[in-house]
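Breakdown of the fold
Take a look at the letters that make up each chain.
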Amino acid sequence: MRIIITAIMALALAGCGSKTAVSDSEGALDTQQSFKWKLVTTWPKNYPGLGSAPENFANRVAAMSGGRLTIKVFGAGQLVPAFEVFDAVSQGTAQVGHGASYYWTGKTKAAAFFTSVPFGLNAQEMNGWLHYGGGLELWRELYEPFNLVPFAAGSTGVQMAGWFNREINSMDDIKGLKMRIPGLGGDVITRAGGVSVTMPGGELYTSMQTGVIDATEWVGPYNDLAFGFHQVAKYYYYPGWHEPGPILELIVNKDAYASLPKDLQAIVEGAARAVNQDMLDEYTARNNSALVELVETHGVDVRKLPDDVVAELRRLSAEVVEELAEDTEISRRIAESVKAFQKQAMTYHEISEEAYYRARRQ
Ligand code: CA
């Protein structure tokens, strides 16, 4: 009996196989056609961490596709300036872009939700929301009018509050502070009486050195050490209230994506997913030793933001997020989705992640 069933199954499988083979010959899965894409980024070419993610993506795609899809990576300014990545991919000048969604709030304000919400989700929670909590579907809906398909492609984990040339002892110290801080965090600083500016990473060192800005947030020890901010700033503040787990994005031109055979589409998706986790792994490993180097070799003055300042920033952040939620119908749906997810995550993580961190110290 078992032999008969096995034989029937084998015949059934063979049937499926021949059916697939027929559709192959009809061109549904053309394994001969090759594609050459361009990838533009908002990061300097070969910049550690953030800038290595697009290279990592391109290398994985080339290897997994056996060279059928090759992607040439251009750093900021090589093909288009950093802040023209969104338009370049939307219009098809390049097929792929790597950057952060909160650089595009001038296109669609709700893009800010997909990088980070101040006092919002950490990296682990952002990934949970995006991939199992409906976040990615909302992101795709938001970018659809721009002819773009977004993917999560990296996270730095909790960032630092930033580099300051002014002590922050009270909210008064934020008044008039010129700080590079994009996205919703920037809106909070503006609401607190500061002046928030957005500029690409490659311009920050000189802007701090020349006093164009008084403060800048960037990432965390690993990436901040690479830019040398300790040479041009007095204080290094934490916690990174404004970016608790920012997600970097990979954007793909929708027509270019649709033109790929299904297996190459799956490779693009799989490589993005791999790079997304890989970046978090790299930061998790490298931030620790970079902090030691900043403090012990460079004598960096690491400071904690006062509790009352953090509490006020939290209050202002809730106002800013609520205001963005009222902007459009899709903003409202995104805000409600992420808020509901955070409520549940906080309840469980209080007795899991938080409880464990506390237990580990005792
Ligand atoms: Ca940042």
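Below: a short report on this structure. Quick caveat, the model's predicted, so the values are computed rather than measured.

With that out of the way, let us pick up the overall build of the chain. For the chain, the helix and strand inventory stands at 13 helices and 11 strands. Taken over C-alpha atoms, the radius of gyration comes to 23 Å for the chain, in line with the 21 Å a tight globule of 362 residues would show. Once the C-alpha set of the chain is aligned to its principal axes, its extents read approximately 80 × 50 × 45 Å. The proportion of buried residues among the 362 residues of the chain is 50%.

To find leftover empty space, a probe the size of one water molecule is rolled over the atoms. If you walk through the whole model with that rule in mind, you get two cavities of 30 Å³ or more. Its volume calculated, the largest cavity comes out at about 110 Å³. Lining the largest cavity are 15 residues, and of these Trp43, Tyr102, Gln159, Glu243 and Leu248 sit closest to its centre. Taken together, the residues of the lining of the largest cavity break down into nine nonpolar, three polar and three charged. Each pocket or cavity is described by its volume, and for the second largest cavity that value is around 50 Å³. Residue lining of the second largest cavity: Phe164, Ile168, Ile174, Leu177, Ile189, Trp241, Leu305 and Leu313, and that is the complete set. Residue classes in the lining of the second largest cavity are distributed as eight nonpolar, no polar and no charged.

Attention shifts here to the packing of aromatic side chains. Scanning the entire structure with this criterion turns up 23 aromatic pairs. Relative to tryptophan 218, the ring of tyrosine 47 lies with its centre 6.2 Å away and its plane at 65°, an arrangement referred to as edge-to-face. Of this pair, tyrosine 47 sits in the loop between β1 (35–41) and α2 (52–64) while tryptophan 218 is found in the loop between β8 (215–216) and α8 (221–227), placing the two residues 171 residues apart along the sequence. Summarising the burial analysis for this pair, tyrosine 47 and tryptophan 218 share the class buried. Geometry around phenylalanine 151 places arginine 140 over its ring, the cationic atom sitting 4.6 Å from the centre.

All right, on to the pattern of salt bridges then. Enumeration according to the criterion identifies 21 salt bridges in this entry. Here lysine 107 makes a salt bridge to aspartate 87, at a shortest N to O gap of 2.9 Å. Highlighted residues: lysine 107 in the loop between β3 (96–99) and α4 (123–132) and aspartate 87 in helix α3 (residues 85–91), separated in sequence by 20 residues. What makes lysine 107 partly exposed here is its relative accessible area of 40%. The exposure class of aspartate 87 is partly exposed, given its relative accessible area of 26%. When the shortest N-O distance is used, the salt bridge between glutamate 319 and arginine 315 registers 2.9 Å. Remark: arginine 315 and glutamate 319 occur in helix α11 (residues 307–325); sequence separation between them is four residues, near one turn of the helix. Note on glutamate 319: relative accessible area 32%, which makes it partly exposed. Within this structure, Arg191, Glu312, Arg315, Glu319 and Glu323 form a network of salt bridges that share partners.

Another point: the sheet that holds strand β9 (residues 235–238). Pairing is mixed across the open sheet formed by six strands, whose spatial order is β7-β6-β8-β5-β9-β11. The open sheet has two edge strands with one neighbour each: β7 (195–197) and β11 (301–304). In this sheet, β11 lies alongside β9 in parallel orientation, the contact comprising four bridges. From the neighbouring strand, tyrosine 236 faces β11, where its bridge partner is valine 302.

The rules behind these values
- Counting starts from 1 at the beginning of each chain's written sequence and moves along it residue by residue.
- Local features in this predicted model are restricted to residues of pLDDT 70 or higher, and side-chain atom pairs are both shown and tallied only at a pLDDT of 80 or more, whereas totals for entire chains, interfaces and linings draw on every residue.
- The basis for the side-chain values is all heavy atoms of the structure; hydrogens and waters are excluded.
- Only DSSP runs of H or I with at least four residues qualify as helices, and only runs of E with at least two residues qualify as strands; both kinds are numbered from the N terminus onward.
- Radius of gyration means the value over C-alpha atoms here, while the globule rule gives 2.2 Å times the residue count to the 0.38 power.
- Here the term buried applies to any residue with accessible area under 20% of the maximum for its type, exposed to any over 50%, and partly exposed to those in between, with areas from a 1.4 Å probe on protein chains only.
- Whether a set of points on the 1 Å grid over the protein atoms alone is a cavity depends on a 1.4 Å probe fitting there but being unable to get out, while an open set qualifies as a pocket with protein on both sides within 12 Å along at least five of seven lines; lining residues are those with an atom within 4 Å of a point.
- Grid points are joined across faces, edges and corners, and a volume is the space filled by probe spheres set on the points.
- Amino acid classes used here: Ala, Val, Leu, Ile, Met, Phe, Trp, Tyr, Cys and Pro are nonpolar; Asp, Glu, Lys and Arg are charged; the rest, including Gly, are polar.
- Centres within 6.5 Å are what make two rings of Phe, Tyr or Trp a pair, Trp counting through its six-membered ring; a difference in plane orientation under 30 degrees is then read as stacked, over 60 as edge-to-face, and the rest as tilted.
- As a reminder, the over-ring test applies to NZ of lysine and CZ of arginine, requiring each to be within 6 Å of the ring centre and within 35 degrees of the ring normal.
- A pairing counts as a salt bridge when a side-chain nitrogen of Lys or Arg comes within 4 Å of a carboxyl oxygen of Asp or Glu.
- One requirement defines pairing of two strands: DSSP has to find at least two bridges between them.

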